[in-house]
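A structural walkthrough
Residue strings, one per chain:
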Amino acid sequence: MKKRDFLKNAAAAAAVATPALALAQDGKPACSGADFSTLVRARHSVRDFLDKPVDEQALRDIVSDAQQAPSWVNAQEWKVYAATGETLAAFRRDFQARAASGEKGASDIPPAHRTSWSQAAQKNMQRLSVDVGAHMGKEAGVFAQVQDTLFNAPALLFFTLPKEYPQFALLDLGGFYQTLMLAATARGIDSIPAYAIVKYPDLAHKHLGIPASEIVAIGVALGYKSTAKIRAVEDAAFCPSAKYT
Ligand SMILES: Cc1cc2nc3c(=O)[nH]c(=O)nc-3n(C[C@H](O)[C@H](O)[C@H](O)COP(=O)(O)O)c2cc1C
């Protein structure tokens with residue numbers, strides 16, 4: 001089996017019984033609320049990763065945990081494809097050439113114009129941009145640059161749905177990839193969900209063998225955060241207390 005194929009149909013993989021299930025019996029929580037709050041607050045988007053691979057077994061374990069996410073009548077319509085090593089290097093080469101040529105993104109799920117969002121959401125978005133400018137100053141351009149280098153991540157995950165997916169499947173996918181990122185955080189692995197990863201979906205189809213019958217809904221980069229300036233900025237700008245509204 002090619003490395004990139006190993007997570008091809010995560011939904012079809014066997015369900016895994018975890019020790020936490022036993023702990024959760026008789027109304028006793030599987031872990032403390034404080035532990036969970038710490039975990040949730042520890043996750044935040046990382047935009048520059050070290051050149052350090054993520055262990056393949058860790059990737060498998062993270063996907064296995066994510067499969068505990070609920071879904072409509074347990075449909076688990078999602079699929080996840082992993083790119084690491086040579087597959088990722090080839091994807092990144094093509095991706096960077098496209099980005100450098102200035103080709104516009106054409107994601108399968110089109111991004112909505114800011115004005116399509118509520119006033120409150122637009123305010124949050126604006127504050128994010130202001131924060132980036134305020135914390136990065138002259139280096140604010142790096143924020144845009146890392147999008148085109150795929151955050152220098154050593155692993156990318158692509159989440160797909162059938163072309164004609166029911167709306168609830170999209171809802172379910174959100175729960176799946178958030179659970180996956182929390183599973184990564186619990187293992188000390190950083191992440192970012194990003195439109196930027198899926199803005200040229202044809203490249204994901206080409207390099208990961210994703211069939212034409214599937215759309216590439218969203219991508220998640222995984223790895224270990226770097227110590228570059230953008231990291232310090234993110235820690236300041238995106239720490240939990242900076243969540244808006
Ligand atoms: C669907 C989705 C797409 C996103 N796309 C991008 C992206 O293309 N580039 C980026 O830098 N951040 C992207 N983000 C990250 C958000 O900016 C980030 O989640 C938000 O600012 C909250 O920060 P936090 O994740 O650190 O809590 C995306 C997040 C989501 C949920």
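I will try to describe carefully the structure that is included in this document. Please read all numbers here as calculations on a predicted model, not as lab measurements. The numbering scheme is per chain: residues are counted from 1 as the chain's sequence reads. Since the coordinates come from a predicted model, pLDDT governs what is reported: local features require at least 70, and pairs of side-chain atoms require 80 or more to be given and counted, while whole-chain, interface and lining totals use all residues.

Glancing now at the overall build of the protein chain. A run of H or I in DSSP counts as a helix once it spans at least four residues, and a run of E counts as a strand once it spans at least two, with each numbered from the N terminus. The number of helices and strands found in the protein chain is nine helices and four strands. In the protein chain, the succession of helices and strands from N to C terminus is α-α-α-β-α-α-α-β-α-β-α-β-α. Burial analysis of the protein chain (245 residues in total) assigns 30% to the buried set. Contacts are defined on C-beta atoms placed from the backbone: any two residues whose C-beta positions lie within 7 Å are in contact. Residue pairs at least 24 apart in sequence account for 87% of intrachain contacts in the protein chain once pairs closer than 6 positions are excluded. Counting other C-beta atoms within 10 Å of its own, a residue is labelled buried from 20 upward, exposed at 12 or fewer, and partly exposed in the gap between, with every C-beta atom placed from the backbone.

Let us look at the environment of Pro201. With respect to the secondary-structure elements, Pro201 resides in helix α8 (residues 201-208). Residues Pro201 and Ala106, spaced 95 residues apart in sequence, show a C-alpha to C-alpha distance of 7.3 Å.

Turning to the site of the ligand, a few remarks are in order. Taken together, 12 residues surround the ligand, and among them His44, Ser45, Ala194, Tyr195 and Ala196 come closest. The element contributing the most residues to the shell around the ligand is strand β3 (residues 190-194), with three residues. Residues that form the shell around the ligand fall into these classes: eight nonpolar, three polar and one charged. Residues are classed as near a molecule or strand if the C-beta position derived from their backbone is within 6 Å of it. Under the convention adopted here, Pro, Cys and the residues Ala, Val, Leu, Ile, Met, Phe, Trp and Tyr are nonpolar, Asp, Glu, Lys and Arg are charged, and Gly plus all remaining residues are polar.

On to helix α4 (residues 85-100). The α-helix advances 3.6 residues per turn, and as a result positions three or four apart in sequence lie on the same side. For a helix, the expected span equals 1.5 Å multiplied by the number of residues minus one. The end-to-end C-alpha distance of α4, which contains 16 residues, comes to 22 Å, matching closely the 22 Å that a straight helix rising 1.5 Å per residue would cover. Of all the residues in α4, the buried ones are Leu88, Phe91 and Phe95. What you see down the axis of α4 is that its buried residues fit within an arc of 65 degrees, all on one side. Across α4 from its buried face, at more than 90 degrees, point the exposed residues Glu86, Ala89, Arg93, Ala97 and Ala100. The arc in question is traced by the directions running from the helix axis to the C-beta atoms.

The next point concerns the sheet that holds strand β4 (residues 214-223). Read across the open sheet, the four strands follow the order β1-β2-β4-β3; overall the sheet is antiparallel. Either end of the sheet is taken by a strand with one partner, and the two such strands are β1 (79-83) and β3. Here the strands of the sheet are splayed against their neighbours by 25 degrees on average, with no regard to which way each runs. Only strands joined by at least two bridges in the DSSP assignment are considered to pair. Across five bridges, β1 lies against strand β2 (residues 155-162) in antiparallel orientation. The residue bridging Lys79 from the neighbouring strand is Thr160, located in β2. Axis lines are fitted through C-alpha atoms, for helices just across the contact stretch, and the angle between N-to-C directions can take any value from 0 to 180 degrees. Relative to β1, α8 is tilted by about 75 degrees, and along the sheet it contacts β1, β2 and β4.

What follows concerns the pairing of β1. For β1, the tally of buried residues reaches five of five residues, placing the bulk of the element in the interior. Alternating positions in β1 separate into two faces, Lys79, Tyr81 and Ala83 on one and Val80 and Ala82 on the other, with burial throughout.

Attention now goes to the pairing of β2. The buried fraction of β2 amounts to seven of the eight residues, a majority that puts the element mostly inside the structure. Pairing of β2 with β4, which is carried by eight bridges, proceeds in the antiparallel orientation. Directly across from Leu156, in β4, lies its bridge partner Ala221.

On to unusual backbone geometry. Unlike most non-glycine residues, Val73 shows phi in positive territory, near 45 degrees. Looking at the secondary structure, you find Val73 in the loop between α3 (56-66) and β1. On the basis of neighbour count, Val73 is assigned to the exposed category, with 6 C-beta atoms found within 10 Å. A positive phi angle, close to 60 degrees, is found at Phe151, a residue other than glycine. Here Phe151 shows up in the loop between α6 (141-148) and β2.

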